[in-house]
Amino acid sequence: MASREVLALLEFYESVAEEKRIRISLHGEGRIHGDRLMFRRAVGNLLSNALRYVPERGALGVELS
């Protein structure tokens, strides 16, 4: 399931989010129809960029469908 993969990535980036006091929310579920590793790489890149540019004390939402 996609939510399991995203949760694992959110745990990885949790310290960065806490340091900047960014709230992260995850909504929905989904299935991965393709390479799981490439999915993780793509979502990891998105999360990394989002955490870099979301202002301190901001919020980051991840929506799966």
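Described below are features of the structure shown in this document. (Residues numbered from 1 in each chain as written. Predicted model: local features only at pLDDT ≥ 70, side-chain atom pairs only at ≥ 80, totals over all residues. Heavy atoms only, no water.)

1. Quick look at unusual backbone geometry
Part 1: Of note in the backbone geometry, Arg 21 takes a positive phi value of approximately 55° without being a glycine.
Part 2: Residue position: Arg 21 is located in the loop between α1 (2-20) and β1 (23-27).
Part 3: The exposure class assigned to Arg 21 is partly exposed, which follows from its relative accessible area of 48%.
Part 4: For Arg 57, which is not glycine, the phi torsion reads 65° and is therefore positive.
Part 5: On the secondary structure map, Arg 57 appears in the loop between α2 (36-53) and β2 (59-63).
Part 6: Classification of Arg 57 by relative accessible area gives exposed; the value is 57%. (Helix = DSSP H or I, 4+ residues; strand = E, 2+ residues; numbered from the N terminus. Buried < 20%, exposed > 50% of the residue type's maximum accessible area, 1.4 Å probe, protein only.)

2. Focus: α1
Part 1: Counted at 1.5 Å a residue, the expected span for α1 with its 19 residues is 27 Å, and the 26 Å between its end C-alpha atoms agrees.
Part 2: Helix geometry: α1 is bent most strongly at Tyr 13, by close to 50°.
Part 3: Within the span of α1, buried status applies to Ala 2, Ser 3, Glu 5, Val 6, Leu 9, Leu 10, Tyr 13, Ala 17 and Lys 20.
Part 4: Next to the buried residues of α1 lie β1, α2 and β2.
Part 5: Remark: Arg 21 follows α1 within two positions and exhibits a positive phi of approximately 55°. (Expected span 1.5 Å × (residues − 1). Bend = angle between axes of the 7 residues up to and from the residue. Contact = heavy atoms within 4.5 Å.)

Coordinates in, geometry out; function isn't part of it.
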